[in-house]
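# Coordinates in review
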Amino acid sequence: MVAEIIAPAVEAMGDFMDAEENKWWVRPLKVLIYIGVFSVIPLYFYFI
């Protein structure tokens, strides 16, 4: 159920990032997103 809600948002964000790839602010934003995702997922499984 959560995947049905999140998947379209992730896909839209990915399409937007690909379209804006050469903008100066996209690379730091991608880094922050990756750090956020890969630090939240282990914490989620740690506290379950």
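Every chain's residues receive numbers from 1 upward, in the order its sequence appears when written. Confidence filtering applies because this is a predicted model: local features only for residues at pLDDT of at least 70, side-chain atom pairs given and counted only at 80 or more, and all residues used for totals across whole chains, interfaces and linings. As a rule here, side-chain values come from all non-hydrogen atoms in the structure, and water together with hydrogens is ignored.

### As for the overall build of the chain
- Along the chain, the regular secondary structure elements total two helices and zero strands.
- Its C-alpha atoms put the chain at 40 × 25 × 10 Å along the principal axes.
- Here the Shrake-Rupley method, with its probe set to 1.4 Å, supplies the accessible areas, and only the displayed protein chains count as covering residues. Accessible surface, the chain as shown: approximately 4500 Å² in total, 73% of it carbon and sulfur. Strands here are runs of E lasting at least two residues and helices are runs of H or I lasting at least four, both read from the DSSP assignment and numbered beginning at the N terminus.

### Observations regarding the layout of surface pockets
- The space that makes up the largest pocket amounts to roughly 250 Å³.
- Surrounding the largest pocket, V10, M13, G14, M17, D18, K30, I33, Y34, V37 and F38 form its lining.
- Looking at the lining of the largest pocket, the elements with two or more residues in it are α1 (2-19) and α2 (26-47).
- Partitioning the lining of the largest pocket into residue classes produces seven nonpolar, one polar and two charged. Every definition here rests on a 1 Å grid over the protein atoms only: cavities are sets of points where a 1.4 Å probe fits but cannot get out, pockets are open sets enclosed by protein on both sides within 12 Å along at least five of seven lines, and lining residues have some atom within 4 Å of a point. Grid points are joined across faces, edges and corners, and a volume is the space filled by probe spheres set on the points. Side-chain classes are defined by residue name, with Ala, Val, Leu, Ile, Met, Phe, Trp, Tyr, Cys and Pro counting as nonpolar, Asp, Glu, Lys and Arg as charged, and the others, Gly among them, as polar.

### A look at a nonpolar patch on the surface
- Only residues above 30% relative accessible area that lack a salt bridge enter a patch, with like-charged residues linked at up to 9 Å and the nonpolar side chains Val, Leu, Ile, Met, Phe, Trp and Tyr linked at up to 5 Å. Salt bridge, as used here, is a side-chain nitrogen of Lys or Arg placed within 4 Å of a carboxyl oxygen of Asp or Glu. Taken together, the side chains of Y34, V37, F38, I41, Y44, F45 and I48 make up a nonpolar region of the molecular surface, amounting to roughly 830 Å² of accessible area.
- Tracing the backbone through its elements, the reader meets Y44 in helix α2.

### A look at the environment of G36
- In this fold, G36 is placed in helix α2.
- Taking the relative accessible area as the measure of exposure, G36 reaches 27% and is therefore partly exposed.
- Taking the C-alpha atoms as reference points, G36 and F16, 20 residues apart in sequence, are found 18 Å from one another. Burial here depends on accessible area, computed with a 1.4 Å probe over protein chains only, as a share of the maximum for the residue type. Under 20% is buried, over 50% is exposed, and the range in between is partly exposed.

### Some remarks on the packing of aromatic side chains
- Working definition: a ring pair exists when centres of Phe, Tyr or Trp rings (six-membered ring for Trp) sit within 6.5 Å. Plane angles under 30 degrees give stacked, over 60 give edge-to-face, the rest tilted. Overall, the coordinates contain two aromatic pairs when judged by the stated rule.
- When the ring of Y44 is compared with that of F45, the centres are 5.2 Å apart and the planes differ by 75°; the resulting orientation is edge-to-face. In terms of burial, Y44 and F45 fall into one category: exposed.
- Relative to F47, the ring of Y46 lies with its centre 4.9 Å away and its plane at 85°, an arrangement referred to as edge-to-face.
- The exposure class of F47 is exposed, given its relative accessible area of 64%.

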